[in-house]
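# Notes for the structure review
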Amino acid sequence: MTFDQRQPRPPGFEDEARLAVADTAASQWASITASLIRFTGDWDLAEDCVQDAVERALARWPIDGLPDNPAAWLTTAARNRALDVLRRRQTERAKMAEVAVMAGLERAADRAEQPIDDDRLRLLFTCCHPALPVESRVALTLRMAGGLDTRQIAKAFLISESTASQRLLRAKRKISHAGIAFRVPAEHRLAERTGGVLAVLYLIFNEGYGSPDGELTREALRLVRLLVELMPDEDEARALLALLLFLQARRATRFDAAGDLVPMEEQDRGRWDRTAIDEGRWQLRRAASSGRPPGPYRLQAAIAGRHAGAESAEDTDWAGIVTCYDALLVAQPSPVVALNRAIAIGFRDGPEAGLAELDLVAAAPGLDGYYLLPAARADFLRRQGRPDEAAVAYRAAVRLAPAEHDRRFLQRRLESLRS
Amino acid sequence: MRYLMFVANDPDGEQLPENTTPDWVADVDARGKRLIGDRLRPAADATTVRVRKGELLVTDGPFIESKDWIAGFDVLECDDLDEAIEIASRHPMARAGRLELRPFWPFDQE
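Residues numbered from 1 in each chain as written. Chains lettered and ligands numbered in written order. Predicted model: local features only at pLDDT ≥ 70, side-chain atom pairs only at ≥ 80, totals over all residues.

### Section: the overall build of chain A
Here is the rule we go by: Each helix is a run of DSSP H or I of at least 4 residues and each strand a run of E of at least 2, with the numbering of both proceeding from the N terminus. Here exposure depends only on C-beta density: within 10 Å of a residue's C-beta, 20 or more other C-beta atoms make it buried, 12 or fewer make it exposed, and intermediate numbers make it partly exposed, the C-beta atoms being placed from the backbone. In this description, a residue-residue contact is defined by the distance between C-beta atoms placed from the backbone, which must lie within 7 Å.
In terms of helices and strands, chain A carries 19 helices and 0 strands. By its C-alpha atoms, chain A is 75 × 55 × 45 Å across when sized along the principal axes. Counting all 419 residues of chain A, 42% fall into the buried class. For chain A, restricting intrachain contacts to residue pairs at least 6 apart in sequence, the fraction spanning at least 24 positions comes to 61%.

### Focus: the overall build of chain B
Secondary structure summary: chain B contains 3 helices and 6 strands in total. From first element to last, N terminus to C terminus, chain B shows the α and β order β-α-β-β-β-β-α-α-β. Taken over the C-alpha atoms alone, chain B extends approximately 45 × 40 × 20 Å along its principal axes. Split into buried and exposed, the 110 residues of chain B put 15% on the buried side.

### Considerations on the nonpolar core
Within soluble globular proteins, side chains that are nonpolar tend to cluster in buried spots. Residue and element names in this part refer to chain A. What counts, and what does not: For the purposes of this analysis, a nonpolar core is taken to be any set of buried Ala, Val, Leu, Ile, Met, Phe, Trp, Tyr and Cys residues that are connected through C-beta atoms within 7 Å. Here the bounds of each domain stem from an automatic or database domain assignment.
Leu201, Val224, Leu240, Leu243, Leu244 and Phe246 are the most contacted members of the largest nonpolar core, which has 128 residues in total. When residues of this core are assigned to their parent elements, the largest contribution, 11 residues, is made by helix H11 (residues 235-250). Mapping this core onto the domain boundaries places at least three of its residues in each of domain 1 (1-114) and domain 2 (369-419). Once residues within four sequence positions are removed from consideration, Leu244 is found in contact with Phe205, Ala220, Leu221 and Val224.

### With respect to the interface of chain B and chain A
Going by this rule: Think of it as three bins: nonpolar holds Ala, Val, Leu, Ile, Met, Phe, Trp, Tyr, Cys and Pro, charged holds Asp, Glu, Lys and Arg, and polar takes everything else, Gly as well.
Between chain B and chain A, the contact holds 5 residues from the first and 7 residues from the second. Of the residues in the side of chain B that touches chain A, the class split is 3 nonpolar, no polar and 2 charged.

### Overview of the sheet that holds strand S6 (residues 97-103) of chain B
All names here are of chain B. What counts here: When DSSP finds at least two bridges between two strands, those strands are taken to pair. What counts as an axis is a line fitted to C-alpha atoms, over the stretch in contact for a helix, and the angles between N-to-C directions run from 0 to 180 degrees.
Pairing is antiparallel in the open sheet, where 4 strands are placed in the order S2-S5-S1-S6. This sheet does not close on itself; its edge strands, each paired only once, are strand S2 (34-39) and S6. Neighbour-to-neighbour, the strand axes of this sheet turn through a mean angle of 15°, independent of strand direction. Relative to strand S5 (residues 70-77), S2 is paired through 5 bridges, and the arrangement is antiparallel. Looking at the pairing, Ile36 lines up with Val75 of S5. Contacting strand S1 (2-9), S5 and S6, helix H2 (residues 81-89) crosses the sheet at an angle of about 155° to S6.

### Considering the pairing of S1 of chain B
Residue and element names in this part refer to chain B. Across 7 bridges, the pairing between S1 and S5 is antiparallel. When the sheet's bridge partners are listed, Phe6 is paired in S5 with Phe73. Taken together, the 7 bridges between S1 and S6 define a ladder with antiparallel strand orientation. For Tyr3, the partnering residue across the bridge sits in S6 and is Pro103.

### Description of unusual backbone geometry
The phi dihedral of Leu158 of chain A falls on the positive side, at around 55°, and the residue is not glycine. Along the polypeptide, Leu158 of chain A turns up in the loop between helix H7 (150-156) and helix H8 (161-177). Of note in the backbone geometry, Lys53 of chain B takes a positive phi value of approximately 50° without being a glycine. As for its position among the elements, Lys53 of chain B is in the loop between strand S3 (47-52) and strand S4 (55-60).

### Let's talk about the environment of Phe157 of chain A
Here Phe157 of chain A shows up in the loop between H7 and H8. Sequence spacing of Phe157 of chain A and Ala72 of chain A is 85 residues, and the spatial spacing of their C-alpha atoms is 33 Å.

### Looking at H11 of chain A
Applied cut-off: Given the number of residues in a helix, its expected span is that number minus one, multiplied by 1.5 Å.
For H11 of chain A, which comprises 16 residues, the first-to-last C-alpha distance of 23 Å matches the rise-based estimate of 22 Å (1.5 Å per residue) to within 8%. Within H11 of chain A, 16 of the 16 residues are buried, which leaves it mostly tucked inside the rest of the structure.

### Concerning the confidence of the model for chain B
Using the following cut-off: As a per-residue quantity, pLDDT reports the predictor's confidence and falls between 0 and 100.
On average, residues of chain B score 93 in pLDDT, and 100% of them are at 70 or above. Both scores are given for the predicted complex: the pTM is 0.88, the ipTM 0.91.

### Some remarks on the pairing of S4 of chain B
Residues and elements named next belong to chain B. Across the 6 residues of S4, 0 count as buried, placing the element largely on the outside. Here S3 runs beside S4; their pairing, made up of 6 bridges, is antiparallel. Looking across to S4, one finds that Val49 is bridged to Val58. If you look at the hairpin formed by S3 and S4, you'll find 2 residues sitting between the two strands, and Lys53 has a positive phi there, around 50°.

### With respect to helix H6 (residues 134-145) of chain A
Residue and element names in this part refer to chain A. Spanning 12 residues, H6 covers 16 Å between terminal C-alpha atoms, matching the ideal 16 Å at 1.5 Å per step. Summarising burial for H6: 10 of the 12 residues are buried, a large majority. Turning to H6, its buried residues are Ser136, Arg137, Val138, Ala139, Leu140, Thr141, Leu142, Arg143, Met144 and Ala145. Note on H6: the residue one or two positions beyond its end, Gly147, has a positive phi of about 80°.

### Brief notes about the environment of Ala364 of chain A
All names here are of chain A. Mapped onto the fold, Ala364 is located in the loop between helix H16 (351-363) and helix H17 (372-383). Separated by 26 residues in sequence, Ala364 and Ala338 have C-alpha atoms that sit 9.8 Å apart. Residues contacting Ala364, with those up to four places away along its chain left out, are Pro335 and Ala338.

Laid out in structure tokens, this is it:
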């Protein structure tokens, strides 16, 4: 709605306009960036123009009122900015790009309601190209597809803003210098490259899941949703969405008011997000209906879904969870999966069986220095009524745990042994 | 895009029963994707050249001592990195050793 300039704005309108800019930017960022990259081949230009369009919207909308079609407004503002820059460059290449931008973004603006699926998919695959270092893939995906700025990326990964912008800069340089094409990979590479995109998105989620602030988890969910929308038949993408929904459903109960970690068995299950759990179930069922054998994300989603579906900690279907871990250990063998399987066996068969399984896992290489191994041992020893041995294991876990909230949690457990 | 592909040995690589490099060369040449390439004599036959303070220094051996050494090279002409990766992945040394793709950096480009 556009306001009549003579009428006073309703109170609170400026905040509403700023929210509208944020919403439109979040939903349109990836598609505007992606089409600018496709038509100009210039990642820096695309990034600057979208940023500029959002800043213009922040300056104009609170004064002029919301445009009738906010998405088209933002797209046009970014395109006009790109054309200005290209005209000023005045080179042959720039002129060709200018024609392409005009034609392409005009088409895009005409159907602003309709997503330009292919461009956004190209963007995700290119940001997650295996020739880029992993931390650059993460930063580039958050910046170019998610619209996060360097300050937000720096904050989320506990790095300085200059490190974050260096990562982005180097990634964009490599794309240009090494000839990384803006495209969806060839059919015979699609499965492995899709796995690469999913791995980056899961990494983003996990980075956010470990902290009380939920920005990265929300962003990862949004990007996985986008991927599912663009590749509806990709069962592992849908399975990852289900997994993230199950995990996100418990988010609010994972930390107490003091920011301390609450273990799953003590979480207030009444506050788990039922809507997210229901959607997770539905997405998981749809992923399974592909008829393909379950991949690693479907198995992890099945495990998270069993936790989410248990009415109480005692009701947890540990037998079913162990079965999933057995399959996961085949699909994606790793020491961490083996450790989690051992823990699940301990809950299914009792702490003594759990300790025996942990011994087997500890004998294999790969978990040296990993705090969850002594933490799991401590937990089973505590449940078995062996507080002295548990204390030794808790102290080892506290020494190894990298995150402050994990150390605090283990320390509290250690202290509770004495009472 | 032009890429220099270094073909390097790797002690951890797979042992191949026979060297099928000529088949790879024939295939890539037939598609016009290879400008030049060859096998190289081992590091023991290398000579390193430097001029320091006007004085020519010629020494025996490669300038980087390493357990994997460059055994050959190819110059590839490809549309983009993905195509170069595809071509490299079919080289027998992708399994027996490792390949490094370095884009050309023409002097008229930034």
